[in-house]
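One-letter residues, chain by chain:
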Amino acid sequence: MKKQKPFFKGILGFTRADDEVLAKEADASIYRWWWEFMRLSPVFWYARTRGIEPVDPKIAETYSLVGDLSDDMFYRWWNTTGRYSFAEAKRPHKVEVLDLNNLDQHSFKEKAFYLEIPLTIRRETILKQVKKMLDEYHDGRSLDLAGTTSAKLKLFTKRYRLRTIELEYWVLLYRMLYSKIEIWRIGDRLQISPHLKIRGLHGWDESPLFGRLSSITGRYLYKAKFSLNNLVYGNFPNTTKLNFGDDFMPFGKKHHADYLKATELDTKEFKSEFYLWLKEEYGNILKHEVIKRNNLTGAYRMPDGKVRKRIPKFISGESDIIS
């Protein structure tokens, strides 16, 4: 018996011819950004580095499904974990012809409607009438496709824009690495809105563009934070408001103080273990993303050029001069 290929609701077309093609398609899909966000989760990082499971059953279940997030290569994680956690256990139902002679053996669907289609009228007429009935019985655009998933890790929704999620990710990573930088500078460095040109301007009183860029970038940031919080419960992509209060103790009272100290980002007194890991793991990645988004690749490659010397202060927000 031929083994069925796995299929995924987060990849257009569901299946691919072979594992290599599937991995490439996954890398360009929502699953790539799910993985990227998971690696930024302080909860998952602490659980992994301390070898301690979260006390919340749902968080613990999600953590067990995400596998080893220490590897910085998506392809390896996908082949060992992602393709199994995101695979659908059941294939979508298909339209089929009823065998009138064996109706007692037919497995009727829980949510379906059945038609009698006369074959003595034109195809165009049939299609027109079927479409009219579909409009009456089918949920159309309001159909929750994500709600029908049978995967272990389930998409919260299929209504998302990858570019938006990508920008949310970069803004969040930037803030995590540079907690004191002004939000408009994050938007400027990442070229969130390239038409808002504010370099060289001298403050909020001179131009309303500062406020506009701050608002746009800030919106990406708070949605990214909500995504990161919802993610630990297995809900992604989900920007529904979810803030963790003082009662959020993912590892219980016993480990809570150590968890807070180990994952603290907004402090001048010391650099937490989580921050140091982020800096080592993502410092150069963020730098090259900023270089790419500002079209500085060629200038940065010049060993004694101005861009190479100025890029550290430019990224940290200490200077707005780059070329």
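Refer to the structure above for everything that follows.
Residues numbered from 1 in each chain as written. Predicted model: local features only at pLDDT ≥ 70, side-chain atom pairs only at ≥ 80, totals over all residues. Heavy atoms only, no water.

Draft legend 1. Molecular detail of the overall build of the protein chain. Scanning the protein chain from N- to C-terminus turns up 13 helices and zero strands. What you see in the protein chain, going N to C, is helices and strands ordered as α-α-α-α-α-α-α-α-α-α-α-α-α. The burial tally for the protein chain puts 41% of its 323 residues in the buried class. Accessible surface, the protein chain as shown: approximately 20,100 Å² in total, 52% of it carbon and sulfur. (Helix = DSSP H or I, 4+ residues; strand = E, 2+ residues; numbered from the N terminus. Buried < 20%, exposed > 50% of the residue type's maximum accessible area, 1.4 Å probe, protein only. Areas by Shrake-Rupley, 256 points an atom, 1.4 Å probe, with all protein chains shown as cover.)

Draft legend 2. Main features of unusual backbone geometry. Here the amide bond leading from Phe236 into Pro237 is cis, since omega sits at -5°, within 30 degrees of zero. Within the secondary structure, Pro237 is located in the loop between helix H9 (209–231) and helix H10 (252–263). Although it is not a glycine, Asn295 adopts a positive phi angle of roughly 55°. Along the chain, Asn295 falls in the loop between helix H11 (273–293) and helix H12 (297–300). On the basis of relative accessible area, Asn295 is assigned to the exposed category, the value being 72%.

Draft legend 3. Inspection of helix H2 (residues 30–39) at higher detail. With nine of 10 residues buried, H2 lies mostly within the body of the structure. Inspection of H2 places Ile30, Tyr31, Trp33, Trp34, Trp35, Glu36, Phe37, Met38 and Arg39 among the buried residues, and these make up the whole buried set. For H2, the side-chain oxygen to backbone nitrogen distance between the N-cap and Tyr31 is 3.1 Å, and the N-cap itself is Ser29. (Polar contact = N/O pair within 3.5 Å; in protein donor to acceptor, adjacent residues only side chain to side chain.)

Draft legend 4. Structural detail: the pattern of salt bridges. A complete count under the given rule lists 16 salt bridges for this structure. The partner of Arg185 in a salt bridge is Glu182, with the nearest N and O atoms 2.9 Å apart. Owing to a relative accessible area of 13%, Arg185 belongs among the buried residues under this scheme. Of the charged contacts, one joins Glu289 and Arg293 as a salt bridge, the two residues approaching to 2.8 Å between their closest N and O atoms. With Glu289 and Arg293 both in helix H11 and four residues apart, this pair spans about one turn of that helix. Shared partners join several salt bridges into a network, and the residues in it are Glu182, Arg185, Asp188, Arg189, Arg199 and Asp320. (Salt bridge = Lys/Arg side-chain N within 4 Å of Asp/Glu carboxyl O.)

Draft legend 5. Structural context of the packing of aromatic side chains. Under the defined criterion, the tally for this structure stands at 27 aromatic pairs. With a centroid separation of 5.2 Å and an interplanar angle of 50°, the aromatic rings of Trp45 and Phe274 are classed as tilted. On the criterion of sequence distance, the pair formed by Trp45 in helix H3 (residues 42–50) and Phe274 in helix H11 is long-range, its members being 229 residues apart. Relative accessible area serves as the criterion here: at 0%, Phe274 is assigned to the buried category. Here Phe274 and Trp277 contribute two aromatic rings whose centre-to-centre distance is 6.1 Å and whose plane-to-plane angle is 15°, an arrangement assigned as stacked. Residue Phe274 and its partner Trp277 are both found in helix H11; the two are separated by three residues, about one turn of the helix. For the cation-ring pair, Arg189 lies above Phe314, with the distance from its terminal atom to the ring centre recorded as 4.1 Å. When the ring centre of Tyr300 is taken as reference, the NZ or CZ atom of Arg308 above it lies at 4.2 Å. (Phe/Tyr/Trp six-rings, centres within 6.5 Å; stacked < 30°, edge-to-face > 60°. Lys NZ or Arg CZ within 6 Å of the ring centre and 35° of its normal.)

Draft legend 6. Structural view of helix H7 (residues 162–177). Its 16 residues place the ends of H7 23 Å apart at the C-alpha level, agreeing with the 22 Å of an ideal helix rising 1.5 Å per residue. Among the 16 residues in H7, 12 count as buried, and that is most of the element. Ile165, Leu167, Glu168, Tyr169, Trp170, Val171, Leu172, Leu173, Tyr174, Arg175, Met176 and Leu177 are the residues of H7 that are buried. Buried residues belonging to H7 abut H2, helix H8 (183–189), H9, H11 and helix H13 (306–316). (Expected span 1.5 Å × (residues − 1). Contact = heavy atoms within 4.5 Å.)

Draft legend 7. Structural context of the nonpolar core. In this structure, Phe44 and Trp78 are the most contacted members of the largest nonpolar core, which totals 79 residues. No other element matches the 10 residues that H7 contributes to this core. Residues within four places of Phe44 in sequence aside, it is in contact with Met38, Ile59, Thr62, Tyr63, Val66, Leu69, Leu231 and Val232. (Core = buried A, V, L, I, M, F, W, Y, C linked by side-chain atoms within 4.5 Å.)

Draft legend 8. Looking closely at the packing of helix H1 (residues 19–27) against helix H5 (residues 74–85). The geometry of H1 relative to H5 is characterised by a closest axis approach of 10 Å and an angle of 105° between their N-to-C directions. As far as their axial angle goes, H5 and H1 are roughly perpendicular. Across the interface between the two elements, Asp19, Leu22, Ala23, Lys24, Ala26 and Asp27 from H1 touch Phe74, Tyr75, Trp78, Asn79 and Arg83 from H5. Grouping the constituent residues of the contact of H1 with H5 by class yields six nonpolar, one polar and four charged. (Axes fitted to C-alpha atoms, helices over the stretch in contact; angles between N-to-C directions. Parallel < 35°, antiparallel > 145°, perpendicular 65-115°, else oblique. Nonpolar A, V, L, I, M, F, W, Y, C, P; charged D, E, K, R; others polar.)

Draft legend 9. Highlighting the environment of Val171. The topology assignment puts Val171 in helix H7. A relative accessible area of 0% places Val171 in the buried class. Along the backbone, Val171 and Arg189 are 18 residues apart, and their C-alpha atoms lie at a distance of 9.8 Å.

Spatial relationships are all this shows, so hold off on functional conclusions.
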